[in-house]
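# Reading the structure
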Amino acid sequence: MDEGRPGVAATLQALNGVLGRPSALWVKETGARNLRHRDFLAPRAALSAAFPGGQVPPEAVSAVPSLRGPAVLPLRVCRQTPAGLAVQVRRPEAFQRLLGPLPEPASPAAGARTGCVVLHCPALRSPAALQPRHLRSMLVAEHLAQLLRAQGVSVRLVPALSEERSWDVLRQLRIYWPSSSGGSSLTDAVSALKAALDQCPCAAASEQGAGTAEGVICKVHLKSFVEQQGLLGYDPNLDVLLVTEGTLQSLAELQEAVLQCPVSDPMAPPASCFPSSSCCSIVHVVNCEEEFQQQQLDVLWRILDPGAHTALQKHLVCGPVKVTNPSSPIGADQYFQLRKRQMFEASVIKYGELAQDEAWTEVIDTLTVAAIRFELLSTAHRSQITLDLENNSISTKGTKSGAFVMYNCARLATLFSAFQRAVEQGTYPPLPPVSELNFSCLREEGEWLLLFNYLLPFPEVLQQAAQLPPSSKGIRITANTETVCKFLIQLSMDFSSYYNRVHILGEPFPHLFDQMFARLQLLGAVRDVFHSALATLHLPPLSQI
């Protein structure tokens, strides 16, 4: 973490260290009620388990306020309470240290490799029209790619979009996915895989009978390989796979993506006939209906290319997307158009004829994209989503929708536009440098809530959202792909409550400027957090609503 910027993890580590216990005793408070009295708490039950009679040595308690460190919050007081050991932060100093510009992501050390992740989304190979369940796995993969890149990880997205079909709905949803470039390297990779098939003891010639699909090259016995290798987590019904040209094309695309990953040691000999990076991991982002087919592809790749990278394959499975009372299966394009019409109708109800102006076309489009992204991403990826398409569940009034988040982001833009106009008109002086601001003026409950619950943990929220769990014996993994959406929703709720309660741009009296400037600096940092978080969702901030 950047020097001078406090963080939650470093502060908790310092607090645990001062008590001399390896276990995590302290928790960060988040609720407004508890934050009136304390910022961190070592609960009574945890202290009783760690110390005889729950009595913390007095010298440890007295040492807490003197804790120092570049990433440790300035602490004011530590005292025994009925709830446990409570700590309060020196808030004006915390405001001072946190309200500078957001730190850039730490660059990797010279010569270090950050690794590479290949995110594979089989939904893009679906021969049928895309449905909402396909959109879900695409959005999960794309969002995870943005989060990983923000942490310095190299990401490859597979498969490339084919030029043979229309991808209008992806463009409308601002899903930025690489397009196919063709080339002879893919053909060469398919040829290499065919050669590996010829030498494969698990493969057998396919008997061309009445029940055999056209274009089958051979059949491969997957079950025996899974049993011989002792692979865990695979469907017990995996048996024989009929391999086609399309199957090998899919593997070739994955192989090409692996080859494009940065190599951790360029002088190391290849682990298989397909040279690859030893730091490359493959994550198949699939909906639950595609999981079995992807497991087949996974095992076939392991058979044909027994390298280190194929052993690192993991499956991130998205739960089902159910649509209430559909008269017929709804396509992704229909889903987008329906939500767009509902967003337009909701905007007309809220903003009247203004929402029918041509200038609002882009606003409606952005609100629709936000609504759909939040609808499909704010639930844990492994859980089921139910889409109620009959009722307008994306009303601009809802506090848990993407439209609500975008609305509050636009309120901040409007606030700063109004301030800038007032400065140009001579009503207010320009915002002074941070070093000249008096943050002791920030005493309103909502101001500390915004800083302590959102500005302080935001870099760590992004890190945690991008974390993929370490290698496990099974093939399934989970990721916290809902974290950013939930963070933005909660931030919007607390910001809206504060903004509705507090008048920011007050009368132009010099004795009121200190408080107004401190509040503007705080809200400027809140705006930056909105923008950075929305960028991981490919959502541009709105300047007006």
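The name given to the chain in an unreviewed UniProt entry is DALD3 protein, with Copsychus sechellarum as the source organism.

A separate point is helix H6 (residues 132-150). If you check H6, its first and last C-alpha atoms are 27 Å apart, about what 19 residues at 1.5 Å a residue would give, namely 27 Å. Among the 19 residues that make up H6, 17 are buried, leaving the element largely enclosed by the rest of the structure. Backbone geometry just after H6 places Gly-152 at a positive phi near 85 degrees.

The next subject is the state of the cysteines. As used in these notes, a disulfide is a covalent bond between sulfur atoms, one from each of two cysteines. Counted according to the given criterion, the structure contains 1 disulfide. Between the sulfur atoms of Cys-116 and its disulfide mate Cys-261 the distance is 2.1 Å. Disulfide Cys-116-Cys-261: the torsion about the S-S bond is -45 degrees, which places it as left-handed. Taken as a pair, Cys-116 in strand S5 (residues 116-120) and Cys-261 in the loop between helix H10 (245-259) and strand S10 (280-287) lie far apart in primary sequence, 145 residues in all. Like Cys-261, Cys-116 is buried. Between Cys-318, a cysteine without a disulfide, and Cys-121, which holds the nearest cysteine sulfur, the sulfur-to-sulfur distance is 7.9 Å. Judged by its relative accessible area of 1%, Cys-318 falls in the buried class.

The next point concerns the pattern of salt bridges. For the coordinates displayed, the defined rule picks out 18 salt bridges. A salt bridge links Asp-39 to Arg-91, with the shortest nitrogen-to-oxygen separation between them at 2.8 Å. Highlighted residues: Asp-39 in the loop between helix H2 (32-35) and strand S2 (40-43) and Arg-91 in helix H5 (residues 91-98), separated in sequence by 52 residues. Arg-91 sits in the partly exposed class, given a relative accessible area of 23%. With a closest N to O distance of 2.7 Å, Arg-519 and Glu-447 form a salt bridge. Within this pair, whereas Arg-519 is found in helix H18 (residues 510-535), its partner Glu-447 is found in helix H15 (residues 445-455), the two being separated by 72 residues in sequence. Given a relative accessible area of 10%, Arg-519 falls into the buried group.

Attention now goes to the sheet that holds S2. One open sheet holds the 4 strands; their spatial order is S1-S2-S4-S3, and the pairing between them is antiparallel. A strand with exactly one partner marks an edge of an open sheet, and here the two such strands are strand S1 (27-28) and strand S3 (75-81).

With that settled, the discussion passes to the packing of aromatic side chains. The tally for this structure, following the rule as stated, stands at 12 aromatic pairs. Ring geometry for Tyr-454 and Phe-487: centres 5.5 Å apart, planes at 70 degrees, overall edge-to-face. Residue Tyr-454 is found in helix H15, and its partner Phe-487 is found in helix H17 (residues 483-501); the two are separated by 33 residues along the sequence. The residues Tyr-454 and Phe-487 share a single accessibility class, namely buried. Arg-527 extends its terminal NZ or CZ atom over the ring of Phe-416, reaching a point 4.3 Å from the ring centre.

Judged by nonpolar contacts, the single largest core of 137 residues is most densely connected at Leu-19, Trp-26, Leu-119 and Leu-523. Ranked by residues supplied to this core, first place goes to H18 with 13 residues. Ignoring anything within four residues of it in the chain, the contact list for Leu-523 reads Leu-412, Leu-415, Phe-416, Leu-450, Phe-495, Tyr-498 and Ile-504. Among the nonpolar cores identified, the runner-up in size contains 36 residues, and Cys-218, Leu-241, Leu-248 and Cys-280 belong to it.

Below, the discussion takes up the pairing of strand S6 (residues 154-158). Burial analysis of S6 places 4 of its 5 residues in the buried class, which makes it a mostly covered element. Sheet topology note: the S5/S6 ladder contains 5 bridges and is parallel. Residue pairing for S6: Val-118 is matched across the bridge by Arg-156. The parallel pair S5 and S6, bridged by H6, forms a crossover whose chirality is right-handed.

Attention shifts here to the environment of Arg-68. Within the secondary structure layout, Arg-68 lies in the loop between helix H4 (58-63) and S3. Remark: the alpha-carbon pair of Arg-68 and Ala-14, spanning 54 residues in sequence, is separated by 8.4 Å. A polar contact is formed between the side chain of Arg-68 and the backbone oxygen of Pro-65, at a distance of 3.1 Å.

So, about the packing of helix H14 (residues 402-424) against H17. Between H14 and H17, the shortest axis-to-axis distance is 9 Å and the interhelical angle comes to 45 degrees. Comparing the axis directions of H14 and H17 gives the class oblique. With respect to the hand of their crossing, H14 and H17 are arranged in left-handed fashion. Each of Phe-404, Val-405, Asn-408, Arg-411, Leu-412 and Leu-415 in H14 lies in contact with H17, whose residues at this interface are Leu-488, Ile-489, Ser-492, Met-493, Phe-495, Ser-496, Tyr-499 and Asn-500.

Criteria and thresholds
All chains use their own residue numbering, which begins from 1 and follows the written sequence. Since the coordinates come from a predicted model, pLDDT governs what is reported: local features require at least 70, and pairs of side-chain atoms require 80 or more to be given and counted, while whole-chain, interface and lining totals use all residues. The side-chain quantities take in all heavy atoms of the structure and omit both hydrogens and water. Helical segments are the DSSP runs of H or I of at least four residues, strand segments are the runs of E of at least two, and each set is numbered from the N terminus. Here a helix's expected span is defined as the number of its residues, less one, multiplied by 1.5 Å. Any residue under 20% of the maximum accessible area for its type is buried, any over 50% is exposed, and the rest in between are partly exposed; the area is computed with a 1.4 Å probe on protein chains only. Throughout, a disulfide means two cysteine sulfur atoms within 2.5 Å of one another. Between Lys or Arg on one side and Asp or Glu on the other, a salt bridge is scored when a side-chain nitrogen of the former is within 4 Å of a carboxyl oxygen of the latter. Only strands that DSSP links by at least two bridges are regarded as paired with each other. In summary, the pairing rule links any two rings of Phe, Tyr or Trp, Trp by its six-membered ring, whose centres are within 6.5 Å, and it sorts them by plane angle into stacked for under 30 degrees, edge-to-face for over 60 and tilted for everything else. By definition, being over a ring means that NZ of Lys or CZ of Arg is both within 6 Å of the ring centre and within 35 degrees of the ring normal. To form a nonpolar core, buried Ala, Val, Leu, Ile, Met, Phe, Trp, Tyr and Cys residues must be joined to one another through side-chain atoms within 4.5 Å. Contacts are residue-level and defined by heavy atoms, with any inter-residue pair within 4.5 Å sufficient. Assignment of crossover handedness uses the view with strands pointing away from the viewer, where a clockwise path from the first strand over the helix to the second indicates a right-handed crossover. Counted as a polar contact is a pair of N or O atoms within 3.5 Å, where, for protein atoms, one must be capable of donating a hydrogen and the other of accepting one, and residues adjacent in sequence contribute only when both atoms are in side chains. Interaxial angle, 0 to 180 degrees, is taken between N-to-C directions of lines fitted to C-alpha atoms, where a helix line uses only the stretch in contact. Any angle that falls under 35 degrees is termed roughly parallel, while one over 145 is termed roughly antiparallel, one within 65 to 115 roughly perpendicular, and all others oblique. We call a crossing left-handed when the near helix sits turned anticlockwise from the far one by less than a right angle, and right-handed when that turn is clockwise.

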